[in-house]
Amino acid sequence: MRNFITHEWFTIFTVLGLLSIVAAKFLNTLRFDDFLSVIGNSKYLKIYSKDQKFVDPFEAFLFINLAVSASIFLFFGYSIFFETLTFEIIPFLKLLFAVATIIIIKTLLERLIGSLFDVDTLVDSYLFQKTTFKNYSGIVFLVANLLLLYTKNDAEIVIIASFSIVCLINLIGFITSFKNYQKTINPNFFYFLLYLCALEIAPYVLLYKVVSEYNA
């Protein structure tokens, strides 16, 4: 198993993830420091949600790391717990493209829904919170990949621990969003459940199918 983990292509993609994080920090050091303390501190969400842009370079760099690091992590996880995958650059690029595309399309769909129902401000604020916690998860994936690549730690423990941390981070993000918009959600709880099934659960089911068909 360690043979596929030390493949040079993974090092190249991991360095790409690191460089994208460095670029985000270089672009706005103060914002990056606030971003790192977002868990348990709402300062980042309160300050920067007011200055949202449709294309934010800071978030774009963090997104690059998220897409790359999550793809590598998915490759490792599937290979260790399900079926050993043989690394090939083209199939991996397809996986990377699928991960990035699912995240982008999902975000665009949510923005479209916000526009259709004339709740743009609410949706934009909600998406900013979700995006923040997902990008934070990207850093966890990056650290996990570094451990898998360059240490002799038990790969299964690293993956389980990292996945648990990512789930916890996104659960914190979900609870934060739910509390902030509880007054809006309560009278529309049925539609909220439909939203969860359609735009929160279904994309990950699709992503699992993409990974399972990696070497098909």
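Read on for an overview of the structure. (Residues numbered from 1 in each chain as written. Predicted model: local features only at pLDDT ≥ 70, side-chain atom pairs only at ≥ 80, totals over all residues. Heavy atoms only, no water.)

**A short note on helix α5 (residues 57-81)**
Here is step 1 of the chain: Here α5 is 25 residues long and its end C-alpha atoms lie 36 Å apart, about the 36 Å a rise of 1.5 Å per residue gives.
Here is step 2 of the chain: Taking burial as the measure, the 25 residues of α5 include 19 buried ones, the bulk of the element.
Here is step 3 of the chain: Measuring from the backbone nitrogen of F58 back to the side-chain oxygen at the start of α5 gives 2.9 Å, which picks out D56 as the cap. (Helix = DSSP H or I, 4+ residues; strand = E, 2+ residues; numbered from the N terminus. Expected span 1.5 Å × (residues − 1). Buried < 20%, exposed > 50% of the residue type's maximum accessible area, 1.4 Å probe, protein only. Polar contact = N/O pair within 3.5 Å; in protein donor to acceptor, adjacent residues only side chain to side chain.)

**Things to note about the packing of aromatic side chains**
Here is step 1 of the chain: A full pass over the atoms with the stated rule returns 17 aromatic pairs.
Here is step 2 of the chain: On the numbers, 6.3 Å between centres and 40 degrees between planes, the contact of F32 with F35 is tilted. You can see F32 and its partner F35 sitting in helix α3 (residues 29-36), three residues apart, about one turn around the helix. F35 carries the same exposure label as F32, and that label is buried.
Here is step 3 of the chain: Between F35 and F58, the ring centres sit 6.4 Å apart and the planes meet at 85 degrees, which makes this aromatic pair edge-to-face. Taken as a pair, F35 in helix α3 and F58 in helix α5 lie far apart in primary sequence, 23 residues in all. Like F58, F35 is buried.
Here is step 4 of the chain: The rings of W9, F10, F13, F75, F76, F87 and F92 are connected pair by pair, giving a single aromatic cluster. (Phe/Tyr/Trp six-rings, centres within 6.5 Å; stacked < 30°, edge-to-face > 60°.)

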